Structure formats: structure tokens, C-alpha cells
Amino acid sequence: MTTRREFLIGTGAGLAALGAAGLGRGQDPERIWPTAEIIADSLDQPRDAPFVVSTWNHGLPANLAAWEILSRGGPALDAVESGVRVTEADPEVDSVGYGGRPDREGHVTLDACIMDQHGNAGSVAFLQDIMHPISVARLVMEKTPHVMLVGQGARHFAEENGFQPRNLLTPRAERDWKEWLKTAEYHPWAPASDPSHDTISMLAMDQGGDLSGACTTSGLAYKMHGRVGDSPIIGAALFVDNEVGAACATGVGEEVMKTVGSFLIVELMRQGMSPAEACHEAIARIVRKNPAWRDLQVGYVAFDRKGRIGSFAILPGFQYAVMDQEGNRLVDSPSWK
Ligand code: ASP
């Protein structure tokens, strides 16, 4: 992961001023953050549609795929699906789709969800052997009366709809897993020393002003077999409300689920908070309840209908990618610690 505060791709020099990171904060969990300080650390200015944001540095190539659709006036729903499919298919990304790290028994199990401008949602969890869970989630949304399918049921549904099963455990992921088995120590909450999570979550606004979001992951590396995190849970890892804005998450899913983070952020924006303030408050809910917060990473990104973007994380190091008329760039999120 880059240590630069902002990494610009194909952008003008003016962008260098964007996205200042809030690293090296005080350690006091009760610290009250001045609103101006939170906002100053965020891309808080309104922007014109279309635009797309996504988590981590693999968001940069994913944004490009989304932008191809957004820039020719295509729907945000198609953009977020196409965007995260890039990450799902990339064997070098060891936290999403093909190439994802397996659970402790050696199975790659995938979670994903998608939400559109009408509030429709689809989701799959504990899905195995299918390369593009996000597209299966979209079909659940569009072709079934349900929101969520899991496990064998999700796989059967995928196969019935033409998805070919394949082995998703790459030689590299298998080698790493076998190495891990030698000690079998499980520290999913220690992202600095063991980056065992890096879900891609993506949010977009299209030229028509409609919003959609997508999230897809192989979950925590070496998790218990059957474990499902926040990523397929509507309201936890993802929430979209066309009247208000959208929010998404990455990090230790159990913490996101217990605080229903993305739904919380959208509701706080509805009540008047900026995206940055709302993300900060969602992180504060985790920090205040959890004595072990210094060892947990959770990051949120959100935007509102004006195109103001905000983010906040528990620990330094969380980055997100933004693409709009001015280019595609990686931004350091402010963080609690
Ligand atoms: N949120 C994901 C999970 O808990 C992990 C991640 O962000 O990579 O499964």
C-alpha cells in the first residue's frame, strides 16, 4: 500500500490539493472532533455527476471500468457492477473473488451485495466456486422475490443462470494458506501486520443523478468455515438512498454489523450531517463500545446528493479511490487513531 497521502492517476496538478489525510491523531477515544477539522480532511466540496468512489487502491482500476459506463451516460447500477467485477477477476487481489484467501479449511467463500436507486437490493453469502458473486447478487435482486441467497442455494441459482463453476483458490493463495496452517494464529483484527481484509465497496452517481452501490469480498482470511461478515448485509457494508446519499464499509465486518454502519451513515446524512461527519460518528459508535478499538480497522466512505464525499476510519492506512471529471486518484482517509 502506498504511503503517499494521495496518488494521482491521469489528473491535473490542481488535484494535488485534494484529499489531505488526517494521520497521527491523538489517541483519546473520547476526543470530540471539531466539525471543521473533520470536514477539512474530506473531499467535502459539491461535485457534478457522474462520479464514483471505491475502497482501497484496487479501487483505481475498478473505478476506470465504472467510469467507462458513467462517462457515456450509463446507469450507476451497471457502473458499480462492472467496476467491482474487475477486482473479483484479479488474482493479485487476495481479499476479493478469484485469488481471495480461503477460510481455515482452504475454501474460498464469497460474499457480495448490490443496491440500486429504487432501494432494490440483492445479496449472496458463503458462495463458492463462482467468479463473480456481484453479478449473482444482481440477479437475485432482479430475478427473484428475495434479497439474499446463501451457500449451495446461491450456487445452484448461479449455475442455473449460466455461471460456470471454477476453482477460485490460486496457487499463491493456497501456498499462503498452507504457510498460515503451520501456526494457525488468527488475528483478523490486526490490519497493520496482517492485511487480511480489503473488501472492495463502490458507490456511484450517474449523469442522471441516480445512485447505486456494490460490495464484494472473500471475507476475512482464514475465518471459520461458514463465517459471513458485513459485506453481503444490506445496511451494514452498503446502503443507498437516492434521496439522501450512499455509504459503504470495509474492515472487520463484525464491528460494522453490530453498528449497522452504512445505514447509520445515510440516516445521519438525512438528518443533516455531512458525509464526513456521518462517517466519523459511525466510527465513534464502534470506538466507544469497544475497548480493543486500537487493534480494529474499519473504514467508511460516503457521499451525499450534492456530491460531497467523506470518509473516516479507526486506524490510519485506509484509502479510497475517487473518479470524477478531474481524474482518478487515491485519497488517504482521516482516522481516529
Ligand atoms: N468487511 C469484510 C468482512 O468482514 C472484510 C474486508 O473489508 O475485507 O468480511
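Residues numbered from 1 in each chain as written. Predicted model: local features only at pLDDT ≥ 70, side-chain atom pairs only at ≥ 80, totals over all residues. Heavy atoms only, no water.

I would appreciate a short explanation of the state of the cysteines in the present structure.
By definition, a disulfide is the covalent link that joins the sulfur atoms of two cysteine residues. Applying the stated criterion across every chain yields a total of 0 disulfides. The thiol of Cys215 is not disulfide-bonded; the next cysteine sulfur, from Cys113, is found 5.2 Å away. In this structure Cys248 is not part of a disulfide, and its nearest cysteine sulfur, from Cys215, lies 7.3 Å away. (Disulfide = S-S within 2.5 Å.)

Is there a simple way to think about the environment of Ile234 in this case?
Within the secondary structure layout, Ile234 lies in the loop between strand E7 (211-217) and strand E8 (238-241). Remark: the alpha-carbon pair of Ile234 and Cys215, spanning 19 residues in sequence, is separated by 9.7 Å. Aside from chain neighbours lying at most four places away, what touches Ile234 is Cys113, Ile114, Met115, Ala121, Val147 and Phe239. (Helix = DSSP H or I, 4+ residues; strand = E, 2+ residues; numbered from the N terminus. Contact = heavy atoms within 4.5 Å.)

Even after reading the chapter, I still don't get the packing of aromatic side chains, so can you show me in this structure?
To describe a pair of aromatic rings, you give the distance between the ring centres and the angle between the ring planes. For the structure shown, the criterion picks out 6 aromatic pairs. Aromatic pair Phe312 and Trp336: ring centres 6.4 Å apart, planes at 90°, arrangement edge-to-face. Of this pair, Phe312 sits in strand E11 (residues 309-313) while Trp336 is found in the segment after strand E13 (327-332), placing the two residues 24 residues apart along the sequence. Note on Phe312: relative accessible area 0%, which makes it buried. Ring centres of Phe318 and Tyr320 lie 6.3 Å apart, and the angle between their planes is 35°; this geometry places the pair in the tilted category. Considered together, Phe318 and Tyr320 belong to a single accessibility category, that of buried residues. Members of the aromatic cluster, joined through ring pairs, are Trp56, Phe318 and Tyr320. Cation over ring: Arg104 sits above Tyr186, and NZ or CZ is 4.8 Å from the ring centre. Its end group placed over the ring of Tyr98, Arg166 keeps NZ or CZ at 4.4 Å from the ring centre. (Phe/Tyr/Trp six-rings, centres within 6.5 Å; stacked < 30°, edge-to-face > 60°. Buried < 20%, exposed > 50% of the residue type's maximum accessible area, 1.4 Å probe, protein only. Lys NZ or Arg CZ within 6 Å of the ring centre and 35° of its normal.)

Quick question: what am I supposed to make of the pattern of salt bridges here?
Pairing between side chains becomes possible if they bear opposite charge and their charged atoms approach one another. Inspection of the entire model under this criterion finds 17 salt bridges. Here Asp176 and Arg175 are joined by a salt bridge, their closest N and O atoms 3.9 Å apart. Take Asp176: its relative accessible area is 27%, and that puts it in the partly exposed class. Residue Lys182 is joined to Glu179 by a salt bridge in which the shortest nitrogen-to-oxygen separation is 3.0 Å. Here Lys182 falls in the exposed class, since its relative accessible area comes to 64%. A relative accessible area of 47% places Glu179 in the partly exposed class. Sharing partners across several salt bridges, the network here consists of Asp78, Glu81, Arg138 and Glu142. (Salt bridge = Lys/Arg side-chain N within 4 Å of Asp/Glu carboxyl O.)

How do you make sense of the environment of Asp241 when you look at a structure like this?
Its location among the elements puts Asp241 in strand E8. On the accessibility criterion, Asp241 (16% relative accessible area) is buried. Considered as a pair, Asp241 and Asp210 are 31 residues apart in the sequence and their alpha carbons are 9.5 Å apart. In contact with Asp241, other than residues within four places in its own chain, are Leu211, Val266 and Arg270.

In short, the description is geometric, and any link to function would need to be established separately.
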